[in-house]
Amino acid sequence: MSLLTNVMDHSLDEGYAEAAARKKAEGASGMPKTLRTKLGLAAGLVLAALVVTLGAAQARVAAPVVAKERQELIDRIDNETKSADKLEDTVDTLRDDVSARQRAALKTSGGSGQADLVSMLSGATAVHGPGVKLVVDDAKEASSGGGDNPRETADFSDTGRVRDRDMQRVVNGLWAAGAEAVSVNGQRLTALSAIRAAGDAILVDNRPLVPPYTVLAVGDGKRLSTRFQNGADGLYLNALEDNYGIRAAIAVESDLRLPAAPSVIVRTAQPRTEKGTS
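These notes cover the structure that comes with them.

About the cut-offs
Residues numbered from 1 in each chain as written. Predicted model: local features only at pLDDT ≥ 70, side-chain atom pairs only at ≥ 80, totals over all residues. Heavy atoms only, no water. Helix = DSSP H or I, 4+ residues; strand = E, 2+ residues; numbered from the N terminus. Buried < 20%, exposed > 50% of the residue type's maximum accessible area, 1.4 Å probe, protein only. Contact = heavy atoms within 4.5 Å. Areas by Shrake-Rupley, 256 points an atom, 1.4 Å probe, with all protein chains shown as cover. Axes fitted to C-alpha atoms, helices over the stretch in contact; angles between N-to-C directions. Parallel < 35°, antiparallel > 145°, perpendicular 65-115°, else oblique. Nonpolar A, V, L, I, M, F, W, Y, C, P; charged D, E, K, R; others polar. Left-handed = near helix turned anticlockwise from the far one by under 90°. Salt bridge = Lys/Arg side-chain N within 4 Å of Asp/Glu carboxyl O.

1. A look at the overall build of the chain
At step 1: Per the secondary structure count, the chain includes seven helices and eight strands.
At step 2: When burial is assessed residue by residue, the chain has 24% of its 278 residues classed as buried.
At step 3: Considering only contacts within the chain whose residues lie at least 6 apart along the sequence, 70% involve residues at least 24 apart.
At step 4: When the accessible area of the chain is evaluated, it comes to approximately 19200 Å², of which 56% is carbon and sulfur surface.

As structure tokens, then:
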């Protein structure tokens, strides 16, 4: 009976009793932990809302300033574009004036027939007549770079694109075959013309051209076509077609019209006279 009485009198372990007493003491001196957690979370939410509100307010204040700066930049771009267009128009007008003065000077410097011949050969005047039309285009599957098989030199890779060196050979081949006037995509070639590359683009007299490249050459059409295709440069073009997929088509035309070059300006060379020569 003494054991049963002891169990009934001491139903809780001393550790449990101590923990219950400590919990009771804490409850009397402060708030429950769950309530404190809720209040902390609420305070955090309030702080976050305050930060978001302040950020939105600042954005609303700064938005007009940003919009104004953006509009000012757009206006500046528009004004500069208009200025560039006006300058380009002025350049075109001056080029036409220079060409007209050159033609007038050629006519007054000698006989009319000789002046016209010099003007045509120099590219200072538009010409027309029979000749050939040669269209050269990139391969259908042309890529923009890379390749393991170099073409003519290490600088030209097998990309299926027409390169400046290719156009140089085509034009030189037409001159050698008897062409009297040549243009590429409407750009008249002269003794001062240059065909260069800028990345994948081809420049003729610093003007970028895009494929297909249409080459017009005035001369004896049939003879010009035959001599070009049988010459080294024509065979080179055929090799580009066979090996790299470059596309080319040549046709004899009865009447081609080539424009005058924008300007032919010589700054250094002087005409040679027979005076004082032996």
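2. Thoughts on the side chain of Asp137
At step 1: Mapped onto the elements of the fold, Asp137 is located in strand 1 (residues 127–137).
At step 2: Residues in contact with Asp137, not counting those within four places in the same chain, are Val162, Pro211, Pro212, Ile246 and Arg247.

3. Remarks on the packing of helix 6 (residues 221–230) against helix 7 (residues 232–244)
At step 1: Running from N to C, helix 6 and helix 7 point in directions that differ by 65 degrees, and their axes come no closer than 4 Å. Compared by their axis directions, helix 6 and helix 7 come out roughly perpendicular. In contact with Phe228, Gln229 and Asn230 of helix 6, helix 7 contributes Ala232, Asp233, Gly234, Leu235, Leu237 and Asn238.
At step 2: Residue composition of the contact of helix 6 with helix 7, grouped by class: four nonpolar, four polar and one charged.

4. Some points on the packing of helix 5 (residues 164–177) against helix 6
Axes are the key here: two packed helices are described by the angle between their axes and the distance separating the axes.
At step 1: Following both chains from N to C, one finds helix 5 and helix 6 inclined at 125 degrees, their axes separated by 9 Å at the closest point. If you check the angle between helix 5 and helix 6, you find them oblique. At the point where helix 5 passes helix 6, the crossing takes the right-handed sense. Contacts between helix 5 and helix 6 involve Val170, Gly173, Leu174, Ala176 and Ala177 on the former and, on the latter, Leu224, Arg227 and Phe228.
At step 2: Residue classes in the contact of helix 5 with helix 6 are distributed as six nonpolar, one polar and one charged.

5. What about the pattern of salt bridges?
At step 1: With the rule as written, the count across this model stands at four salt bridges.
At step 2: In this structure, Arg161 and Asp138 form a salt bridge, with 3.6 Å as the shortest nitrogen-oxygen distance. With a gap of 23 residues between them, Arg161 in the loop between strand 1 and helix 5 and Asp138 in the loop between strand 1 and helix 5 connect regions that are remote in the sequence.
At step 3: On the basis of relative accessibility, which here comes to 22%, the residue Arg161 falls in the partly exposed class.
At step 4: The exposure class assigned to Asp138 is buried, which follows from its relative accessible area of 8%.
At step 5: Put simply, Arg257 and Asp255 hold a salt bridge, and the shortest N to O gap is 3.6 Å.

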